[in-house]
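Chain residues, written in single-letter form:
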Protein chains: 4
Amino acid sequence: MTIRIAVAGATGYAGGEILRLLLAHPAVQDGRAELGTLSAGRNAGSLLVEHQPQLVPLHDRVLAETDRETLAGHDVVFLALPHGQSGPVAEELGPDVLVVDCGADFRLEQAADWKRFYGTEHAGTWPYGLPELPGARDLLRGAKRVAVPGCFPTVSTLALYPALAAGLAHPEVVIIAATGTSGAGKSLKPNLLGSEVMGNASAYGVGGTHRHTPEIAQNLGKAASEQVKVSFTPILVPMSRGILATCTAPAEPGVTLTELRAAYEKAYADEPFVTLLPEGRWPQTAAVLGSNSVHLQIALDREADRIVVVGAVDNLAKGTGGGAVQCMNLALGLPETAGLSTVGVAP
Amino acid sequence: MTIRIAVAGATGYAGGEILRLLLAHPAVQDGRAELGTLSAGRNAGSLLVEHQPQLVPLHDRVLAETDRETLAGHDVVFLALPHGQSGPVAEELGPDVLVVDCGADFRLEQAADWKRFYGTEHAGTWPYGLPELPGARDLLRGAKRVAVPGCFPTVSTLALYPALAAGLAHPEVVIIAATGTSGAGKSLKPNLLGSEVMGNASAYGVGGTHRHTPEIAQNLGKAASEQVKVSFTPILVPMSRGILATCTAPAEPGVTLTELRAAYEKAYADEPFVTLLPEGRWPQTAAVLGSNSVHLQIALDREADRIVVVGAVDNLAKGTGGGAVQCMNLALGLPETAGLSTVGVAP
Amino acid sequence: MTIRIAVAGATGYAGGEILRLLLAHPAVQDGRAELGTLSAGRNAGSLLVEHQPQLVPLHDRVLAETDRETLAGHDVVFLALPHGQSGPVAEELGPDVLVVDCGADFRLEQAADWKRFYGTEHAGTWPYGLPELPGARDLLRGAKRVAVPGCFPTVSTLALYPALAAGLAHPEVVIIAATGTSGAGKSLKPNLLGSEVMGNASAYGVGGTHRHTPEIAQNLGKAASEQVKVSFTPILVPMSRGILATCTAPAEPGVTLTELRAAYEKAYADEPFVTLLPEGRWPQTAAVLGSNSVHLQIALDREADRIVVVGAVDNLAKGTGGGAVQCMNLALGLPETAGLSTVGVAP
Amino acid sequence: MTIRIAVAGATGYAGGEILRLLLAHPAVQDGRAELGTLSAGRNAGSLLVEHQPQLVPLHDRVLAETDRETLAGHDVVFLALPHGQSGPVAEELGPDVLVVDCGADFRLEQAADWKRFYGTEHAGTWPYGLPELPGARDLLRGAKRVAVPGCFPTVSTLALYPALAAGLAHPEVVIIAATGTSGAGKSLKPNLLGSEVMGNASAYGVGGTHRHTPEIAQNLGKAASEQVKVSFTPILVPMSRGILATCTAPAEPGVTLTELRAAYEKAYADEPFVTLLPEGRWPQTAAVLGSNSVHLQIALDREADRIVVVGAVDNLAKGTGGGAVQCMNLALGLPETAGLSTVGVAP
């Protein structure tokens, strides 16, 4: 029986990326799965390709409204909606439907965190879709609800988890992440215009105010088994896609680079999508563009007594849409890597 | 029996793209084909991923020399070498080996054209790897030698062929093509440094001096069944990949847009990789990035009495590496579209 | 007595550039002139630097409404308003005020051209602010009304005028101009978002539909002393500023490159802002960024029998704000080059 | 008597920027100063504008060798040479010549630091050209030797000095600085090619290995009056110019944002080139492009107990060439701001 897949929020960057990946997915290509409803908000009624000109194979698809009726009758529903909108939509979907949410609604475990950063009532907490974390795959296999991590938390967590879990880093971390503009979505804000962002690097959400901060702290707290102080600053740089996160923490006394590398190699030895680069090579976002890969590298700065881990991810791929498809694969019992490349489109 | 594939020139942008595409090719993924020798020039002996950090699955591959011995024992050899070097290498390869050349060596039919633009003796002429041209597929099916077209000729030819073939355009064409920098390869020239190209548009090869000019004229001459005057100017713009070619010619008297669209629709109706966009939408390179698609759109300017066709292509994908894989598919009798996407990695 | 200068439309890119240039203008620096009202539309009441963070010396300036009262009492008023809005505002300004309009309202001589491309009633025709054209300076010296040329017409006209005026080029021209995104202003359109324009080249206004087409034809018609067929296509490329225009026309029989160069050298010998580059060097937009310079180079393509002239300009500087200040200098009897650099901010 | 100025290393990015600024300098414009020798290394004998096409007013200047003879007879010599080359050249210049060195040779006070990061013998220590530091102007006025700070140290020092000097920040700082590619100069390295840097963010010099680290530590140590642990990581982002430095340190107990802002306002109240932005606005590099401005903003993150200061600078302007001209002004007794703009070329 064919798996029917819907994508709510198909005009946005996350929705477009999910569709790009699904079109190349073996289950869709061989007919085991098919794309059903593609829905939008105010653009319902228009052609998908007016908003996603790259999705040529879907050139005749018209966007539906995002509602109970249009999303009914599907086995999988991806939600790629503005933060806060997934909760109400998800309530309308039956318990047997696999719902993969790319928004923040169901990521946080503390209602107070949600309230503080989003200002509304918390919708709840779903299994957290970062399969590379200890124990995560068990929860995701066969799951019917998945909260896909945010793009910054994905790379920051993978970059710092092994060091904190192994007690090699002191739990006061500083993360400064250069990001492409697609992470901000298609909102029509003057500071996101091409004329403003090209040739320009700018800061925003400084001082712990970015909404991904509590999610990072939640993940790293589990790694360290204690509360972790997180100083997180995103930087907007002139590219569409990609995050390069520089993540640093004080080294615990006596830590060696050998120990550090061993901790990361052990943590990610069997992970298809996380690569600790050989010594001497540093991550770059172009090498993971369009792919589901995360590239990591570690330095131990003995003068400053700090560990520095740099991680690269494509915010739309592994950072959102690719992570979502990886979770779908796990939840449906498909091979976890199906339809997901580890090779970036470089240069 | 497994098809063994070698890539000569694996450190360059064309070689890297061929490998990216082959890694995702179903024949490689299911073991019907495998990657053998990956060779280089002065970088022989080093790890491939030092030059192509995106090719994670090939992280342990060491580059061989490009010579008779290393290329022996393969069923398919891709040549992604500097212009003029394919001739000698190809001579060493047996007649049963499929040789797909991404260089210019075997594209031109007139030895005088080669001599004039390259200054050396002409190596010969091979079947021309643009399957979308009339009659081309017949020559490419089962071929053992294929000359992959240049990136500018690919998009320019597809953009102007139907109008010229249908007698709707006068054979004096002007083509001005904005190109990303990867078309210039990895040559270490000051004008290709990031600091020079970012925030900058520049002209080069103006006045018919670009080496792709005779190849374009050769193709369009076949379309028009007469000599075509070609004024071709490439423009370097601040992006890595992509060509946007604006191709214009005087309209023959009385031509209508309806006739024009009909000619293109007829020419490309069954083509999987060429799309005439619906009226009102214009090509953009991001929509074809990393894909094998060419997007076209036509205008008829009644004030200027000219036809204007705009085409977008990824110079490394359909413009080189993707075109090469498409030709391999045809030559080996595989499905023509195997391993080739029509969906660009946008935004 | 101090010259009081107002800028209407101070939040836009043209307005910001005019202010940048005026702050560095010797007359402002030594107190002979001063900045009075800076006005805006819906942003009236907010701080200028919220919209123009680069204008640090004006950090305490609040934006006024654009109306009769706020613009009263000035000797010079720059209008940097959306097309069609300058007419009504200008009517309110007395005949002794120097009004320099950066919009299209007063550029065209034929009311029918305005009607066709803008759809409303034509406001009139003012002296055309391209001092480099024959006879233009005489009209601009002491003028009280100046229509600053459009950015594309500035570079296209300077690129083709000498060849047409000398009868060296046939009056059927093709102009394809790669432009940065700032030419489109700060309009909040999805296709102008950074995520859309970076890594992307796209076409728009193809087929003679761009509003600068009749202005180019008007200028070139004067050069040729007959009607000129103009095929103009703008291309959007990933940079904020700069236009690189490739302008081509059939060469008249027997024309030589020597003749061509002589025509341009003669035309621009005494021009401070127009440079015909030495043979072998080609224009690039970075070399004129932020400056009032136009760089030109010519090729004669004997195979295609065409002249190709490439021109580079900063669309906001010489293409708008710099051209406006140059006209102000002429109109006020100041040195024409005052406050205007010929040196681009490169790289 | 005319001040004669030479620039050694006129083909590089720093040399080009110094010349751009000098051409607009009032002393050069009114003839009190003039440009003498412009010298180069292997490009001696060629035209300056072949390497610096933006320097139109110097179009007939031929590059001299960099040696004792060519640099003789000048009152001011700017050295814009590769690190380690200024020492030998400076030795040849008389004690009455003002020598402004843009290299690292004379910045460090500890010979051991030089040895460790550059591997050769230390040339010595000159007055440090950051006039905004306490006491620095006294040393720079009338100085005959000036060591211009590095670009990263300029912005990092200005960003953290007041907080450390006022005892508001704990002396363990983390600095992560996104930089344009021009900071790496014109070296022909594959990773600096446009195709590699566009659409890409990458890390380099991680773990305290970047050569600017000891210079930053030296400056901040003076601020804190004790040794400061500095963790410094530069990030390469896709733009030509600009540095956005995110600088963070633990807040000392009880520190308030009001105290912090007061410390910065006091430190920079009379500084023409350093601006603490109003609350709510964050630095961006475009706003300072081509200018001598540094923009700063501060956050106090109470969850992480950290101070975060973000600073923006143009690495070639205030970060090198502009800083050099500012120092020349001071040393010659000219107005400190002569020829230096505070207005960036945005967008």
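Just so it is clear, the structure is predicted and the values come from calculations on it, not from any experiment.

Taken together, the 18 residues of chain D in the interface contact 18 residues of chain B. For the pair chain D and chain B, the two sides together bury roughly 1500 Å², of which 60% comes from carbon and sulfur. The largest per-residue losses of area from chain D upon contact with chain B belong to L188, L193 and M198 of chain D, which jointly make up 42% of the total buried on that side. Linking chain D with chain B are zero salt bridges, by the criterion used here. Between chain D and chain B we count ten residue pairs in polar contact (both at pLDDT 80 or more) in total. Ranked by residue count, the leading element in the side of chain D that touches chain B is helix 9 (residues 194–197) of chain D, at four residues.

All names here are of chain A. Packing of helix 8 (residues 151–165) against helix 10 (residues 213–224) leaves a shortest axis separation of 8 Å and a crossing angle of 20°. The angle between helix 8 and helix 10 falls in the class roughly parallel. Note that helix 8 runs across helix 10; the crossing there is right-handed. Of helix 10, the residues touching helix 8 (which contributes P153, S156, T157, L160, Y161, L164 and A165) are E215, I216, N219, L220, K222, A223 and A224. Partitioning the contact of helix 8 with helix 10 into residue classes produces nine nonpolar, three polar and two charged.

In this section: the relation of the copies chain A and chain D. Mapping one chain copy onto the other needs a rotation about an axis and a shift along that axis. With an RMSD of 0.0 Å, the operation that places chain A on chain D is a rotation of 180° combined with a shift of 0.0 Å along the axis. This pairing of chains is accounted for by a two-fold axis. Using C-alpha coordinates, one finds that chain A approaches the rotation axis most closely at P238 of chain A, a distance of 2.9 Å.

Moving on: helix 8 of chain A. For helix 8 of chain A, with 15 residues, the first-to-last C-alpha span of 21 Å sits near the 21 Å given by 1.5 Å per residue. Residue T157 of chain A marks the point of greatest curvature in helix 8 of chain A, where the axis turns by about 35°.

Moving on, we come to the sheet that holds strand 4 (residues 76–79) of chain A. All names here are of chain A. The strand order 3-2-1-4-5-6 describes an open sheet built from six strands, whose pairing is parallel. Of all strands in the sheet, those with a lone pairing partner are strand 3 (64–65) and strand 6 (145–147), marking the two edges. Strand contacts of helix 12 (residues 317–332): strand 1 (3–8), strand 4, strand 5 (98–101) and strand 6, with the helix running at about 155° to strand 4, the strand carrying the most contacts.

Rotating chain D by 180° and translating it 0.0 Å along the rotation axis places it on chain B, where the RMSD comes to 0.0 Å. Interface overlap between copies is the fraction of interface residues in one copy that are interface residues in the other; for chain D against chain B it reaches 100%, indicating a shared surface.

Our next topic: the UniProt feature "active site" (unreviewed entry) in chain A. Residue and element names in this part refer to chain A. Using the residue numbers shown here, the UniProt feature "active site" (unreviewed entry) corresponds to C151. With respect to the helices and strands, C151 occurs in helix 8. On the basis of relative accessibility, which here comes to 9%, the residue C151 falls in the buried class. Setting aside anything within four residues of it in sequence, one finds C151 in contact with H212, I243, V313, N315 and G319.

Before going further, it helps to examine empty space enclosed by the protein. Taken as a whole and judged by the stated rule, the model has nine cavities of 30 Å³ or more. The space that makes up the largest cavity amounts to roughly 790 Å³. Lining the largest cavity are 43 residues, with P238 of chain A, P238 of chain B, P238 of chain C together with M198 and P238 of chain D sitting closest to its centre. Partitioned by chemical class, the residues of the lining of the largest cavity number 29 nonpolar, ten polar and four charged.

Glancing now at the pattern of salt bridges. Side chains bearing opposite charge may pair, as long as their charged atoms lie close to each other. A full pass over the atoms with the stated rule returns 68 salt bridges over all chains. Put simply, R141 of chain A and D138 of chain A hold a salt bridge, and the shortest N to O gap is 3.6 Å. Under the relative-accessibility criterion, R141 of chain A is labelled partly exposed at 49%. E92 of chain B is paired through a salt bridge with R68 of chain B; the nearest N and O atoms lie 3.1 Å apart. With a gap of 24 residues between them, E92 of chain B in the loop between helix 5 (86–91) and strand 5 (98–101) and R68 of chain B in helix 4 (residues 68–71) connect regions that are remote in the sequence. Assessed through its relative accessible area of 38%, E92 of chain B is described here as partly exposed. Overall, R68 of chain B belongs to the exposed group, its relative accessible area being 59%. Salt bridges here are not isolated pairs; linked through shared partners, they connect E17, R20, R241 and D314 of chain A.

Below, the discussion takes up the pairing of strand 12 (residues 294–301) of chain D. Residue and element names in this part refer to chain D. Burial analysis of strand 12 places eight of its eight residues in the buried class, the great majority of the element. Across the two faces of strand 12 the burial is the same, with V294, L296, I298 and L300 and H295, Q297, A299 and D301 all buried. Direction of pairing for strand 11 (residues 274–276) relative to strand 12: parallel, over a ladder of three bridges. Residue pairing across strands places V274 opposite V294, the latter belonging to strand 12. Adjacent in sequence and paired antiparallel, strand 12 and strand 13 (residues 306–313) are bridged by four residues, among which D305 carries a positive phi angle near 55°.

Considering the arrangement of structural elements, one finds N219 of chain C in helix 10 (residues 213–224). Contacts of N219 of chain C, omitting those with residues within four sequence positions, involve Y128, P153, T157 and Y161 of chain C.

Before going further, it helps to examine the sheet that holds strand 12 (residues 294–301) of chain B. Residues and elements named next belong to chain B. If you trace the seven strands from one edge of the open sheet to the other, you get 8-9-7-10-13-12-11, paired in mixed fashion. Bordering the open sheet on either side are strand 8 (202–203) and strand 11 (274–276), each of which pairs with just one other strand. When strand 7 (residues 172–179) meets strand 10 (residues 243–250), the two strands line up antiparallel, connected through six bridges. Pairing of A178 across the sheet is with L244, part of strand 10. Contacts from helix 8 (residues 151–165) reach strand 7, strand 9 (229–236), strand 10, strand 11, strand 12 and strand 13 (306–313) within the one sheet, and its direction differs from that of strand 10 by about 35°. Together, strand 11, strand 12 and strand 13 form the strand contacts of helix 11 (residues 257–268), whose direction differs from that of strand 12 by roughly 160°.

In this section: the interface of chain A and chain D. Tallying the contact residues gives 38 residues for chain A and 38 residues for chain D. At the boundary of chain A with chain D, total buried surface from both sides reaches about 3400 Å², with 63% on carbon and sulfur atoms. When the buried area of chain A at its contact with chain D is split by residue, I176, A201 and V206 of chain A rank highest and sum to 13% of it. At the surface where chain A touches chain D, the tally comes to four salt bridges. Put simply, E303 of chain A and R116 of chain D hold a salt bridge, and the shortest N to O gap is 3.9 Å. Taken together, the connections running from chain A to chain D amount to twelve residue pairs in polar contact (both at pLDDT 80 or more). Of the residues forming the side of chain A that touches chain D, the biggest block, five residues, is contributed by strand 9 (residues 229–236) of chain A. Grouping the constituent residues of the side of chain A that touches chain D by class yields 20 nonpolar, twelve polar and six charged.

Moving on, we come to the side chain of T246 of chain D. Within the fold, T246 of chain D resides in strand 10 (residues 243–250). Once residues within four sequence positions are removed from consideration, T246 of chain D is found in contact with I176, T233 and I235 of chain A together with V174, I175, I176, V308, V309 and V310 of chain D.

On to the domain arrangement of chain A. Residue and element names in this part refer to chain A. Domain boundaries assigned for chain A yield domain 1 (3–148 + 318–332) and domain 2 (152–316). The straight-line distance from the C-alpha centre of domain 1 to that of domain 2 is 24 Å. Summing both sides of the interface, domain 1 and domain 2 together bury roughly 2500 Å²; the carbon and sulfur share of this comes to 52%. Ranking the residues of domain 1 by area buried against domain 2 places Y13, F117 and K318 at the top, with a combined share of 28%. Taken together, the links from domain 1 to domain 2 amount to four salt bridges. A salt bridge links E17 to R241, with the shortest nitrogen-to-oxygen separation between them at 2.6 Å. Linking domain 1 with domain 2 are 18 residue pairs in polar contact (both at pLDDT 80 or more), by the criterion used here. Here the element with the most residues in the side of domain 1 that touches domain 2 is helix 12; it accounts for seven residues. Classifying every residue of the side of domain 1 that touches domain 2 by side-chain character gives ten nonpolar, ten polar and eight charged.

Conventions we followed
Residues numbered from 1 in each chain as written. Chains lettered and ligands numbered in written order. Predicted model: local features only at pLDDT ≥ 70, side-chain atom pairs only at ≥ 80, totals over all residues. Heavy atoms only, no water. Contact = heavy atoms within 4.5 Å. Buried area = accessible area lost by both parts, 1.4 Å probe. Salt bridge = Lys/Arg side-chain N within 4 Å of Asp/Glu carboxyl O. Polar contact = N/O pair within 3.5 Å; in protein donor to acceptor, adjacent residues only side chain to side chain. Helix = DSSP H or I, 4+ residues; strand = E, 2+ residues; numbered from the N terminus. Axes fitted to C-alpha atoms, helices over the stretch in contact; angles between N-to-C directions. Parallel < 35°, antiparallel > 145°, perpendicular 65-115°, else oblique. Left-handed = near helix turned anticlockwise from the far one by under 90°. Nonpolar A, V, L, I, M, F, W, Y, C, P; charged D, E, K, R; others polar. Least-squares fit on C-alpha atoms with pLDDT ≥ 70 in both. Expected span 1.5 Å × (residues − 1). Bend = angle between axes of the 7 residues up to and from the residue. Pairing = 2+ DSSP bridges. UniProt positions renumbered as here; feature names shortened; annotations may be inferred. Buried < 20%, exposed > 50% of the residue type's maximum accessible area, 1.4 Å probe, protein only. 1 Å grid on protein atoms, 1.4 Å probe; cavity = no way out; pocket = protein on both sides within 12 Å on 5 of 7 lines; lining within 4 Å. Points joined across faces, edges and corners; volume = space filled by probe spheres on them. Domains from an automatic or database assignment.

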